[in-house]
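Residue-level listing of the chains:
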Amino acid sequence: MPEAQMDIALGFTIPSRNVRGRIVRLGPVVDDVLSAHAYPPAIARLLAEALALAALLGTTLKDVGGQLTMQAQTENGAVSLLVADYKPDAQGIGDLRGYVQFDVDRLVEMGGDPSLFGLFGKGYLAITFDQIANEQGVGGRYQGIVPLEGASLGKAAEHYFAQSEQIPSFVQIDVRQDADGWIAGGVLIQHLPEGEVGRERLHVRHDQPECEHVQILAETLKAEELTDPELALEEVLWRLFHEEDEVRVTARTGLAKGCRCNITHFRDVLSRFPAPDRVEMADEQGNINVDCAFCSRIFPVSLAGFSN
Ligand SMILES: [Zn+2]
């Protein structure tokens, strides 16, 4: 069943190498998210890549109430804003959503296959983890911001891990589009200090040979393997790491498109505007039509419902 190999994230560890990682492959969920928009291919590809990265990062969240948000922003690029987020739902399925704001004329000027730098110019990537704090106050909100550098979003994310979390990390994301739709595959491999797999990090050493060894193995990974809809993710891991003593799959998470927009929220936002401004925004029927940037659904908010 090819379907079974899509919209899935696996968590894994290689205990003997102090390595932990995630591997994901997104298929229908990418098409689902993109179906709400009419993006040109370069933008669709960028969002597919961002969704795969959001899934890699988001599945490291420890609790169901948490959320991972990625935001790439620039003032001088063809893309002005890219947002992708991940939130596990009550059933433990990872809900993904995202959108891109861009200048179509500037995109056309760049031709068919613009680079990350071409799309964003001088931009930055903000990665925010929101987790419910435990009794010891561990958790809460954590945000790291890094420049949008490197050939891809994945490489920018490596900078994030190096700078913000000081964990040597390898990220690869590959995207393809064929007649059946989009497929985005990704892998995140992190090297933890001795004996810290599965525990909180205490200190970091960058000079460990295990780290280089795993990095070299990871670089043998082919884009076709990450994006092959019929190749099980377990099989991809096995091909990469079959010489290791043990590769332990620690988690398997399903992924879906999920938007959290609701009319109550939009009404709440609009209630903060002065009443005359709201009248100005309304159509002839007395509705303010608010569209969700993520899923493009339109919510008609009636002027009649406001008390101020
Ligand atoms: Zn929505």
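Remember, it's a predicted structure, so these values are computed and weren't measured experimentally. (Residues numbered from 1 in each chain as written. Predicted model: local features only at pLDDT ≥ 70, side-chain atom pairs only at ≥ 80, totals over all residues. Heavy atoms only, no water.)

## Describing the nonpolar core
- Counting 67 residues, the largest nonpolar core has Leu26, Leu47, Leu68, Met70, Leu82, Leu96 and Phe120 as the members making the most contacts within it.
- The element that contributes the greatest number of residues to this core is helix α2 (residues 41-58), accounting for 13 residues.
- Setting aside its immediate chain neighbours within four residues, Leu68 contacts Ala54, Leu57, Gly58, Leu61, Ala84, Asp85, Tyr86, Ile127, Thr128 and Phe129.
- By size, the runner-up hydrophobic cluster in this structure holds 20 residues, among which are Val19, Ile23, Val236 and Leu237. (Core = buried A, V, L, I, M, F, W, Y, C linked by side-chain atoms within 4.5 Å. Buried < 20%, exposed > 50% of the residue type's maximum accessible area, 1.4 Å probe, protein only. Helix = DSSP H or I, 4+ residues; strand = E, 2+ residues; numbered from the N terminus. Contact = heavy atoms within 4.5 Å.)

## Considering the coordination of the zinc ion
- On the protein side, the zinc ion has Cys259 (SG), Cys261 (SG), Cys292 (SG) and Cys295 (SG) as donor atoms, found 2.2 to 2.3 Å from it.
- Classification of the site at the zinc ion rests on its 4 donor atoms, whose angles at the metal span 102 to 117 degrees, yielding the label tetrahedral.
- The sequence pattern formed by the donor residues of the zinc ion is C-x1-C-x30-C-x2-C.
- Cys292 gets classed as buried once you look at its relative accessible area, which sits at 5%.
- Note on Cys295: relative accessible area 11%, which makes it buried. (Donors = N, O, S within 2.8 Å, 3.2 Å for Na, K, Ca; no water. Tetrahedral: all angles 85-135°; square planar, octahedral: opposite > 155°, others 65-115°.)

## Structural notes on the environment of Gln163
- As for its position among the elements, Gln163 is in helix α5 (residues 153-165).
- Note: C-alpha distance between Gln163 and Val146 (17 residues apart in sequence) is 7.8 Å.
- The contact partners of Gln163, leaving out residues within four places of it in the chain, are Ile145, Val146 and Pro147.

## What about the pattern of salt bridges?
- For the coordinates displayed, the defined rule picks out 11 salt bridges.
- Note that Asp130 and Arg141 form a salt bridge whose closest N and O atoms lie 2.8 Å from each other. Here the residue Asp130 occupies a position in strand β6 (residues 123-131), and Arg141 occupies one in strand β7 (residues 140-147), the gap between them amounting to 11 residues.
- Glu225 is the partner of Arg239 in a salt bridge, and the nearest nitrogen-oxygen pair spans 3.2 Å. Of this pair, Arg239 sits in helix α8 (residues 233-241) while Glu225 sits in helix α7 (residues 223-226); the two residues are 14 residues apart in sequence, bridging distant segments of the chain.
- Overall, the relative accessible area of 12% leaves Glu225 in the buried class.
- In this structure, a network of salt bridges that share partners links the residues Asp85, Arg97 and Arg260. (Salt bridge = Lys/Arg side-chain N within 4 Å of Asp/Glu carboxyl O.)

## Considering the side chain of Gln172
- If you trace the backbone, Gln172 turns up in strand β8 (residues 169-178).
- Side chain to side chain, Gln172 and Asp174 meet in a polar contact 2.7 Å long.
- Not counting residues within four places of it along the chain, the set of residues in contact with Gln172 comprises Gly185, Gly186, Val187, Ala218, Leu221, Lys222, Ala223 and Leu226. (Polar contact = N/O pair within 3.5 Å; in protein donor to acceptor, adjacent residues only side chain to side chain.)

## So, the pairing of strand β9 (residues 181-191)
- Buried residues dominate β9, accounting for 11 of its 11 residues.
- Here strand β2 (residues 19-26) runs beside β9; their pairing, made up of 8 bridges, is antiparallel. Looking at the pairing, Arg25 lines up with Gly185 of β9.
- Adjacent in sequence and paired antiparallel, β8 and β9 are bridged by 2 residues. (Pairing = 2+ DSSP bridges.)

## Thoughts on the side chain of Gln190
- Within the element layout of this structure, Gln190 appears in strand β9.
- Of the polar contacts made by the side chain of Gln190, one reaches the side chain of Ser169; its length is 3.3 Å.
- In this structure, Gln190 is in contact with Asn18, Val19, Arg20, Phe161, Glu165, Ile167, Pro168 and Ser169, ignoring residues within four places of it in sequence.

## Here's the deal with α8
- The set of residues buried in α8 consists of Leu233, Val236, Leu237, Leu240 and Phe241. The arc that holds every buried residue of α8, seen down its axis, measures 110 degrees, which confines them to one face. (Arc of directions from axis to C-beta.)

## Here we look at unusual backbone geometry
- The phi dihedral of Asn18 is positive, around 55 degrees, even though this residue is not glycine.
- Within the element layout of this structure, Asn18 appears in the loop between β1 (8-14) and β2.
- Take Asn18: its relative accessible area is 6%, and that puts it in the buried class.
- For Ser296, which is not a glycine, the phi torsion comes out positive at approximately 65 degrees.
- Within the fold, Ser296 resides in the loop between β11 (287-291) and β12 (298-302).

## What about α5?
- The end-to-end C-alpha distance of α5, which contains 13 residues, comes to 17 Å, matching closely the 18 Å that a straight helix rising 1.5 Å per residue would cover.
- Every buried residue belonging to α5 is among Leu153, Gly154, Ala156, Ala157, Glu158, Tyr160, Phe161 and Glu165, and all of these are buried.
- Looking one or two places after α5, you find Gln166, whose phi comes out positive at around 55 degrees. (Expected span 1.5 Å × (residues − 1).)

## Quick word on the confidence of the model for the chain
- Per-residue pLDDT for the chain has a mean of 88; in total, 94% of the residues score no lower than 70.
- Across the chain, element-level confidence peaks in helix α1 (residues 28-34) with a mean pLDDT of 97 and bottoms out in helix α6 (residues 209-218) with 78.
- Predicted confidence for residues 198-206 stays below pLDDT 50, and this span has 14 contacts to residues more than four positions away or in other chains. (pLDDT = per-residue confidence, 0-100.)

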